[in-house]
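Chains, contacts and geometry: an overview
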Amino acid sequence: MMRLMEAELFPSTPGKVKIERAHTINRQFNRCFASTSTMFLWALFLIALTASYLSFQSFVDTSSRYFNASWGGMHWEKQIRASATVRRPGGMSVLVTGAAGFVGTHVSLALRKRGDGVVGLDNFNSYYDPSLKKAREALLESHGVFVVEGDIDDARLLAKLFDVVPFTHVMHLAAQAGVRYAIENPASYVHSNIAGLVTLLEACKSADPQPAVVWASSSSVYGLNEKAPFSEADPTDRPASLYAATKKAGEEITHTYNHIYGLSITGLRFFTVYGPWGRPDMAYFSFTRNILQGKPITVYRGKNRVDLARDFTFIDDIVKGCVASLDTAEKSTGSGGRKGSPAQYRIYNLGNTSPVTVPALVGILERHLKVKAKKNVVEMPGNGDVPFTHANISLARAELGYKPTTNLETGLKKFVRWYLSYYGYSPRSGGSAAEATTGSAKSL
């Protein structure tokens, strides 16, 4: 028994034991190494699989964004270039923001008809009936003006537009309009009138070449100013509404970009623009609708029973001022985002210089519509409105050749004719009122 134990513990061939032990260790090492290699390969496989999935997901997301986007692609770029093509000697290529808006549509048509290249940009928001904006877009398209659907606060879109077309001018008319709506939705004014403006100016200062910029400020910047008529040199540090404050901020912002980057800037202070294809939120437009529908209209009156008055300016006169501003705009002086030399900076009033009271406006509408208005006369609430506006246009007359020619009587007659046609109204046989043609009236 002892010999057996010794034989097992102390074999007579110790080298053999060493070899067997070495083989055993090698087998265990190989087994371990094979297991580790397998795990490593599996890990690589899983990493590769994950990377492939993420890459595929990114591709799907990118493709989805591309196909769902309202802009981009070869066909889109071809439309942009065709619309921007200049068709007269010495013409300009203009990006018109807010092109499907009231003023934007008229300015775009005027530029296109004389042979300038025009590309529109509009976000078609629902501040008022988008179908009216779509109808304006269709009008523009019938004259060869392509309107891009997008937001002025979209830096990628603006960069792409300037990459596709070297615009010589920008006519910036996109904005959140309206004094009273600011009480309901103040953020929309900051988004469009401040953030959107800055994004647009950033695109302009980085563009090569830098375009000259003409943009719509507002007579609202005069705020609580009591001196009449309002002149460009008057103080504008007492705005009466958030809308006015954002337009005043816009004037300061544009001055900054002019000073730092050499952008040629012209600001236009519009005074109560009216006319065909107008905005449904404006008093003359809503009065017309309600009078025709037999609904009462609310006429505000100021302190001490004083009638409110506005310097109503017909759209054709405003267009002439806009086009003259573009024609007289000097080139921007910057390049690569840097200022070369001092650049042109201008601000003008564009008004009619003949304020008319709101009751007088209602009387003119009654005559043209042949319908008596049902009036509720109330004191003006503290909603940001001002009691009167009155433009001094001597500067615009001297430097732009601006001379308004349409009085309110004539302008409202043209507006009423358009309104009755667009919304499907026709005079009654008795000639005392107007009625909607069956099935043809558009909703408001």
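Residues numbered from 1 in each chain as written. Predicted model: local features only at pLDDT ≥ 70, side-chain atom pairs only at ≥ 80, totals over all residues. Heavy atoms only, no water.

Examining a positive patch on the surface
Where like charges cluster on the molecular surface, the positive patch consists of Lys-320, Lys-370, Lys-413, Lys-414 and Arg-417. The biggest single contributor to the positive patch is helix α14 (residues 408–422), with three residues. Tracing the chain through its elements places Lys-320 in helix α11 (residues 315–328). (Patch = residues over 30% accessible without salt bridge, like charges linked within 9 Å, V, L, I, M, F, W, Y side chains within 5 Å. Areas by Shrake-Rupley, 256 points an atom, 1.4 Å probe, with all protein chains shown as cover. Salt bridge = Lys/Arg side-chain N within 4 Å of Asp/Glu carboxyl O. Lys, Arg positive; Asp, Glu negative; His and termini not counted. Charge placed at Lys NZ, Arg CZ, Asp CG, Glu CD. Helix = DSSP H or I, 4+ residues; strand = E, 2+ residues; numbered from the N terminus.)

Comments concerning the nonpolar core
By size, the foremost hydrophobic cluster in this structure holds 74 residues, and its most contacted members are Val-103, Met-171, Phe-270, Tyr-284 and Trp-418. If we ignore the near neighbours within four places in the chain, the residues touching Tyr-284 are Phe-102, Val-273, Tyr-274, Gly-275, Gly-278, Arg-279, Leu-361, Leu-365, Leu-412 and Phe-415. In this structure, Val-148, Leu-201, Leu-263 and Ile-265 belong to the second largest nonpolar core, which totals 32 residues. (Core = buried A, V, L, I, M, F, W, Y, C linked by side-chain atoms within 4.5 Å. Buried < 20%, exposed > 50% of the residue type's maximum accessible area, 1.4 Å probe, protein only. Contact = heavy atoms within 4.5 Å.)

Observations concerning the packing of helix α4 (residues 102–113) against α11
For any two helices packed against each other, one specifies the crossing angle of their axes together with the interaxial distance. Packing of α4 against α11 brings their axes to within 10 Å, and their N-to-C directions diverge by 60°. The orientation of α4 relative to α11 falls into the category oblique. Crossing of α4 against α11: the hand is right-handed. Contacts between α4 and α11 involve Phe-102, Val-103, His-106, Val-107, Ala-110 and Leu-111 from the former and Ile-315, Ile-318, Val-319, Cys-322, Val-323 and Leu-326 from the latter. Residue composition of the contact of α4 with α11, by class: 11 nonpolar, one polar and no charged. (Axes fitted to C-alpha atoms, helices over the stretch in contact; angles between N-to-C directions. Parallel < 35°, antiparallel > 145°, perpendicular 65-115°, else oblique. Left-handed = near helix turned anticlockwise from the far one by under 90°. Nonpolar A, V, L, I, M, F, W, Y, C, P; charged D, E, K, R; others polar.)

As for the environment of Arg-88
Looking at the element boundaries, Arg-88 is found in the loop between α3 (74–84) and β1 (93–97). Classification of Arg-88 by relative accessible area gives partly exposed; the value is 25%. Along the primary structure Arg-88 and Gly-117 are separated by 29 residues, whereas in three dimensions their C-alpha atoms are 9.1 Å apart. For Arg-88, the side chain forms a polar contact with the side chain of Asp-116, separated by 2.9 Å. (Polar contact = N/O pair within 3.5 Å; in protein donor to acceptor, adjacent residues only side chain to side chain.)

Re empty space enclosed by the protein
Counted under the stated rule, the structure contains one cavity of 30 Å³ or more. In this structure, the largest cavity spans a volume of roughly 60 Å³. Taken together, His-172, Leu-173, Ala-174, Ala-175, Ser-192, Asn-193, Leu-197, Trp-215, Ala-216 and Lys-247 make up the lining of the largest cavity. Where the lining of the largest cavity is concerned, the elements lending two or more residues are α8 (186–206) and β5 (212–216). By residue number, the principal contributor to the lining of the largest cavity is α8, which donates three residues. By residue class, the composition of the lining of the largest cavity is six nonpolar, three polar and one charged. (1 Å grid on protein atoms, 1.4 Å probe; cavity = no way out; pocket = protein on both sides within 12 Å on 5 of 7 lines; lining within 4 Å. Points joined across faces, edges and corners; volume = space filled by probe spheres on them.)

Focus: the sheet that holds strand β11 (residues 345–350)
The strand order across the open sheet built from seven strands is β3-β2-β1-β4-β5-β6-β11, with neighbouring strands paired in parallel fashion. The sheet is open, and its two borders are formed by β3 (146–149) and β11, each paired with just one other strand. Averaged over all pairs of adjacent strands, the angle between strand axes in this sheet comes to 20°, irrespective of strand direction. By the bridge criterion, four bridges tie strand β2 (residues 117–122) to β3 in an arrangement that is parallel. Across the sheet, Val-119 pairs through a bridge with Phe-146, a residue of β3. (Pairing = 2+ DSSP bridges.)

Quick look at the pattern of salt bridges
Applying the stated criterion to the full structure yields 15 salt bridges. Residue Arg-114 pairs with Asp-116 through a salt bridge whose shortest N-O separation is 2.5 Å. Given the relative accessible area of 0%, Asp-116 is considered buried. Across the pair Lys-205 and Glu-202 runs a salt bridge, and its minimum N-O distance is 3.5 Å. Of this pair, Lys-205 and Glu-202 both sit in helix α8, three residues apart, roughly one helical turn. The class of Lys-205 is buried, set by a relative accessible area of 13%.

Here's the deal with the environment of Lys-160
Along the chain, the position of Lys-160 falls in helix α6 (residues 155–164). Here Lys-160 falls in the partly exposed class, since its relative accessible area comes to 25%. Sequence spacing of Lys-160 and Gly-72 is 88 residues, and the spatial spacing of their C-alpha atoms is 8.4 Å. The residues touching Lys-160, leaving out its near neighbours within four places in the chain, are Trp-71, Trp-76 and Glu-77.

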